[in-house]
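Here is how the chains run, residue by residue.
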Amino acid sequence: SRSARGTGPKTRGANGSLLLGDSGERRELAGKSVHAVDTVGVGEAFTAALALGLRSGVSIKAMHSWANDVAAFVRTQAGATTRLPARLKLPHESKP
């Protein structure tokens, strides 16, 4: 089982995000091109999606991609609290 210890997220706004793993691996994703309405809560949504993904047992790759999608969606909404659409449900893929 993989440990989440040492895995560090870094959000970079429109430049995407970076995850650093226990053994030094780097996983980068480009930012999604969306019409930004409000950036309040975007980083928090990204971090919450990562935490939920870790807790749910999805792979790092799926979790990172999902968190990126969630953050992009939140950026298109006014205000920090919004309901996620069904298309953004948590992936159910198991870790390798």
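Read on for an overview of the structure. Everything quoted here is computed from the prediction, not taken from an experiment.

Reading guide: rules and limits
Residues numbered from 1 in each chain as written. Predicted model: local features only at pLDDT ≥ 70, side-chain atom pairs only at ≥ 80, totals over all residues. Heavy atoms only, no water. Pairing = 2+ DSSP bridges. Helix = DSSP H or I, 4+ residues; strand = E, 2+ residues; numbered from the N terminus. Expected span 1.5 Å × (residues − 1). Buried < 20%, exposed > 50% of the residue type's maximum accessible area, 1.4 Å probe, protein only. Arc of directions from axis to C-beta. Contact = heavy atoms within 4.5 Å.

## Digging into the pairing of strand S2 (residues 17-20)
So, point 1. Relative to S2, strand S1 (residues 8-11) is paired through four bridges, and the arrangement is antiparallel. Within S2, the position partnered with glycine 8 by the bridge is leucine 20.
So, point 2. Turn length for the S1-S2 hairpin, with the two strands adjacent in sequence and antiparallel, is five residues, and the turn residue glycine 13 shows positive phi of about 60°.
So, point 3. Relative to strand S3 (residues 26-29), S2 runs antiparallel, the two sharing four bridges. Residue leucine 18 lies in a different strand from S3, and its bridge partner there is glutamate 28.
So, point 4. Counting the residues that bridge the hairpin from S2 to S3 gives five residues, and of these glycine 24 lies at a positive phi of roughly 90°.

## Things to note about helix H1 (residues 42-56)
So, point 1. Its 15 residues give H1 an end-to-end C-alpha distance of 21 Å, which sits within 8% of 21 Å, the value for a rise of 1.5 Å per residue.
So, point 2. Residues of H1 that are buried: Val42, Ala45, Phe46, Ala49, Leu50 and Gly53. Here the buried residues of H1 occupy an arc of 135° about the axis, which is enough to place them on one side. Away from the buried face of H1 by more than 90 degrees, exposed residues Glu44 and Arg55 are located.
So, point 3. Contacts made by the buried residues of H1 are with S1, S2 and helix H2 (60-75).
So, point 4. Positive phi appears at glycine 57, one or two residues downstream of H1, with a value of about 85°.

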